[in-house]
Structure formats: structure tokens, C-alpha cells
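Coordinates in review
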Amino acid sequence: MNDYDYDVVIVGAGPIGGYLANKLAKKNISVLLLEEHAELGRPFQCAGLVNPKAMESVNLKNTVLTPIWGARIYSPEGTLVEIGQKNTIRTWSVCRKLFDEAVVNQSLKSGAELWLSSKPKNIEITEQKVNIIIDTPKGIKNVTTKLVCGADGAHSWVRRTLRFGRPKETMIGMQIEVTGYNGTEGKLDMYTGSDISPGFFAWAIPSGETTRIGVWSQTKYIGEKSCEDLLNELMINGKWSYRFKECKEVGRFVGSVPSGILKKTTARRAALFGDAAGICKPTTGGGIGPGFAHIDMIIDELSAKIKDNNLEIKNLAFIEKKLDKMRKSQNRARGLRNAFLSQSNDKELEEIFKVWAKPEVISMINEVGEIENPIPLGTKMLKEIPEFRKLAGKAIKSVLWS
Ligand SMILES: Cc1cc2nc3c(=O)[nH]c(=O)nc-3n(C[C@H](O)[C@H](O)[C@H](O)COP(=O)(O)OP(=O)(O)OC[C@H]3O[C@@H](n4cnc5c(N)ncnc54)[C@H](O)[C@@H]3O)c2cc1C
């Protein structure tokens, strides 16, 4: 005998689970959201940047701490590339706790139900339905549903339990929140170099009264070092240490950034979303924008299939098809990232920065550059800037052919 029955059960009440729940509930689909923690939005592991399109989809400017319109990007030796125009907001730095809570609350207003401190213990998928055994503060509950959605983050239980495989690459990030950073209003700072963030970059992002200082990289680049070692290099030992002298730490977070959308994100009566599906951008690590975009792409068709209870694997193939475009675009972006950043040593990076710092290239970046879609700018640079022609060789396979 089952205790409850819902059209959809979403495991994970982060921003992606909340957004999906809202979209489904608005279509009169009954939704149960499960969150293993006792409160929403904690712990969070995020630099808190939400791109303009994603912000528009949830209309949560009240969660913004600082609008970001520009960036100061530094080469390993200190060559500065300064971009941005004050009248064009490129991204929003938000309070993730408020943002996550507000996204989930929107879904509750639309009719979704939320169980806190609750997580699935077992899942059984049959032709007709999904049975889930859930551990809740009120004891074990049995729930049936037509569809189970995994929006349970980078280490997704749903992904592991249903054997979906793993994302193509996983970056590890570490971030501390500080007061007293010597930055510039409305601009984020990015630092590069093999001693700070090999293959990637370190950041300092204004977030209201505080600044989020972080590094991200991959184990293949950092070897025996930890992200904490890299952060210490940036803040204590390195050439930029003077900027961090007055910093006082108020928070600390470590987390994974899964990037490279899974080959399959659907199975019979099951689908993965957000970090669980490996959807973070290979260039910025941003997962909220692409996670929302994925849901927007498929929501109408998915809702119709849920209402008709047409959830065999072949009926979910449309999701994979729609994701294919995003997969290809992420692969291109990864190719550009590798060519310009990840596969360049410090000497090569120095050369790249010298070209980026030229006024005509800065104009090109300001005109064509988009944090969320680096492909038009990257491809234009490879084609039009003679110094970058040799990089085109490195990038050609993934940029031009995928
Ligand atoms: C250092 C760092 C910086 C980042 N910076 C940015 C950034 O600036 N901008 C950006 O867009 N992205 C950023 N990201 C990525 C971003 O944090 C994620 O892409 C985003 O949070 C994904 O949302 P999600 O809902 O898929 O997963 P999550 O936010 O991880 O939410 C998953 C939810 O599921 C819950 N859960 C997990 N397992 C279970 C279970 N078994 N049962 C029930 N509940 C469960 C969790 O408690 C959590 O609430 C960053 C990541 C890191 C590590």
C-alpha cells in the first residue's frame, strides 16, 4: 500500500529542482520536491553569478548583492585586460541562500509540495510507475509517481542509483568569502597562472559587503596540490598578495563542478537535470543558466508526456535531441577554453594576454564577448587576429567541427 501518489517526484530542491517544480506545477502537474537538508540553500557551493537570461526567467533581482558589468583579467606576469561598459550588466552576483529559497518558494506558490530532511532510500521503476521509498522525519514513506527527476546536484544519488554514467569532466572549486578585499566596484577580477589555478583561473567576485575569492582546476593539472594550496598561493605568497592583506574570512566552501552533459540523461520514467546531468559550462563553471535553459527547452513536451503517462525511454528521446545542441555548443566552448587557457603554459598565456590587451581587441571583446556564450568571440579571434592563427590548430576540431 503506498502512502502518496504524485505525477512527478523531484529529488533535490536546489535552484534547478525548484525551477523544474515551478514549471511543472504551473501546468497543473502534481509535484513532490525532496530535500535532504532541513533548510533550503544550505550548504551552498557557488560564486553566486546568475546570468541576465536566467535572472529574467525567475525575476529575483531582490536577491542581487552586486550587479557585475566588467572584469579585470590578469596574465601570470600581471598584464591586465580590462573589459566591460558600465551601462551593460553582464551578470548578477546574488545571495545564493536567498536565491535558492526564492526559486523553490515560487514552485510552492504554484502548487508543488516540499518535504525537507527527506531523501530517497530505494527506487523501483516498472512499466507502469515508479515506487520510491523515502526516509522522512516522520518515518519511512512509500510514494508512487509517473516520473522521477534527479536534480540532486554534482554527486547525484539518482544518477548513481540508476547507473547513468558520469559527466565528461569534473572541476574542483574552492572559495572563501571575505571582507576587506581591495577590488573595484561592479567588476570581477580574474587571475591566471600555473601556481594559482592551473588550466583555469582564480576569481574575486564582489558580493555586496563581502567578496568571494575562489580557484578552480582539475586534479590532472594540480597533481598533489589541493585547492587550498592554490588559494594560499594567490592570497598569501603570490604577486597579488597585497590585495588580500586586509581580508578577513567569513565563510568557506569546497565543491565539484560537473561539466560535459551525460551521453544519456533519460531512462524509462527517469530524467536528470542541472548538475546531476553534468550541465555546468566548461568555460565559467556556471550551472544555473544552462540548467534553466535545459528545462525551458523541454518543458512543454515533457508536460504533455507526463499528462499522457507516455514515459517510456523512446518517448523521452526528444530530451536527448534537444540537449544535443547544448552538448555541441559546450564542446566547442571547451575547445576554445583548452586552446586559449587550459592547454597553454604560462609563457604562452603571456603572449595571448599581450594580444588581448591591445585596444582593438578589447573593443572586439566588449562588442562580441558574452560570458555565457564565448563561441562567437573565440571564433572571431581565431579567424581575424593573425597572432591567434596558431591556436586555431589546437581548437579546430572541437570549435569548427563539433
Ligand atoms: C566553487 C563553485 C562556484 C560556482 N559558481 C557558480 C556561479 O557563479 N554561477 C553558477 O551558475 N554556478 C556556479 N557553480 C555551479 C552551481 O553551484 C551549480 O551548477 C548549481 O548549484 C546547480 O544547481 P542544482 O540545483 O543542479 O544542484 P545543487 O545546487 O547542488 O542542488 C541540489 C540539491 O539537492 C539536494 N540533494 C542532494 N542529494 C539529495 C538526495 N539524495 N535527496 C534529497 N536531496 C538531495 C542538495 O541538498 C541540494 O539542495 C559553482 C560551483 C562551485 C563548486
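See the structure shown above.
Residues numbered from 1 in each chain as written. Predicted model: local features only at pLDDT ≥ 70, side-chain atom pairs only at ≥ 80, totals over all residues.

**Some thoughts on the overall build of the protein chain**
- Regarding its fold elements, the protein chain presents 12 helices and 18 strands.
- Over its C-alpha atoms the protein chain spans a radius of gyration of 22 Å, differing by no more than 12% from the 21 Å that the globule rule assigns to 402 residues.
- Overall size of the protein chain, expressed as C-alpha extent along the three principal axes, is 70 × 45 × 45 Å.
- Per-residue burial for the protein chain yields a buried fraction of 47% across its 402 residues. (Helix = DSSP H or I, 4+ residues; strand = E, 2+ residues; numbered from the N terminus. Rg over C-alpha atoms; globule rule 2.2 N^0.38 Å. Buried ≥ 20, exposed ≤ 12 C-beta atoms within 10 Å, placed from the backbone.)

**Side note on the environment of His37**
- Tracing the chain through its elements places His37 in the loop between β2 (31-34) and β3 (49-50).
- Spatially, the C-alpha atoms of His37 and Val81 are 42 Å apart, while their sequence positions differ by 44 residues.
- Residues within four places of His37 in sequence aside, it is in contact with Arg42 and Ser117. (Contact = placed C-beta atoms within 7 Å.)

**Quick notes on the packing of helix α1 (residues 15-25) against helix α7 (residues 288-308)**
- Contact geometry for α1 and α7: axes closest at 10 Å, N-to-C directions at 25°. Taken together, the axes of α1 and α7 lie roughly parallel to each other. By crossing handedness, the relation of α1 to α7 is classed as right-handed. Contacts between α1 and α7 involve Pro15, Ile16, Tyr19, Leu20, Lys23 and Leu24 from the former and Ile288, Gly291, Phe292, Ile295, Ile299 and Ser303 from the latter.
- The class makeup of the residues in the contact of α1 with α7 is 9 nonpolar, 2 polar and 1 charged. (Axes fitted to C-alpha atoms, helices over the stretch in contact; angles between N-to-C directions. Parallel < 35°, antiparallel > 145°, perpendicular 65-115°, else oblique. Left-handed = near helix turned anticlockwise from the far one by under 90°. Nonpolar A, V, L, I, M, F, W, Y, C, P; charged D, E, K, R; others polar.)

**Digging into the sheet that holds strand β4 (residues 64-68)**
- Reading across from one edge, β3-β7-β4 is the order of the 3 strands in this open sheet, with antiparallel pairing throughout. On the outer flanks of this sheet lie β3 and β4, each paired with one strand and no other.
- When β4 meets strand β7 (residues 91-94), the two strands line up antiparallel, connected through 4 bridges. Across the sheet, the residue bridging to Ile68 is Thr91, located in β7. (Pairing = 2+ DSSP bridges.)

**A look at the site of the ligand**
- Close to the ligand lie 35 residues, the nearest being Gly12, Gly14, Gly153, Gly274 and Gly287.
- Structurally, the shell around the ligand is a two-domain feature, drawing no fewer than three residues from each of domain 1 (4-46 + 96-167 + 263-311) and domain 2 (63-94 + 169-258). (Near = placed C-beta within 6 Å. Domains from an automatic or database assignment.)

**A few points about unusual backbone geometry**
- Positive phi, normally seen in glycine, also occurs at Asn59, with a value near 50°.
- With respect to the element layout, Asn59 can be found in the loop between α2 (52-58) and β4.

**A short note on helix α11 (residues 375-384)**
- Of the residues making up α11, those classed as buried are Gly378, Met381 and Leu382. Projected down its long axis, α11 shows its buried positions confined to an angular sector of 95°, all on one face. Along α11, exposed side chains directed more than 90 degrees from the buried face belong to Pro376, Lys383 and Glu384. (Arc of directions from axis to C-beta.)

**Some points on the pairing of strand β11 (residues 139-150)**
- The sheet contact formed by strand β1 (residues 4-11) and β11 spans 7 bridges and is parallel. When the bridges of β11 are listed, Val11 appears paired with Gly150.
- Taken together, the 7 bridges between strand β10 (residues 130-136) and β11 define a ladder with antiparallel strand orientation. Along β11, the bridge assignment pairs Ile134 with Lys141.
- Taken together, β10 and the strand that follows it, β11, pair antiparallel across an intervening segment of 2 residues.
- Examined bridge by bridge, β11 and strand β18 (residues 270-272) share 3 bridges and lie parallel to one another. Looking at β18, one finds that Gly150 is bridged to Leu272.

**Details of the packing of α1 against helix α3 (residues 96-109)**
- The contact between α1 and α3 brings their axes to 7 Å, and the two run at 20°. If you check the angle between α1 and α3, you find them roughly parallel. In terms of crossing hand, the pair formed by α1 and α3 is left-handed. Residue-level contacts link Pro15, Gly18, Tyr19, Ala21, Asn22 and Ala25 of α1 to Phe99, Asp100, Val103, Val104, Gln106 and Ser107 of α3.

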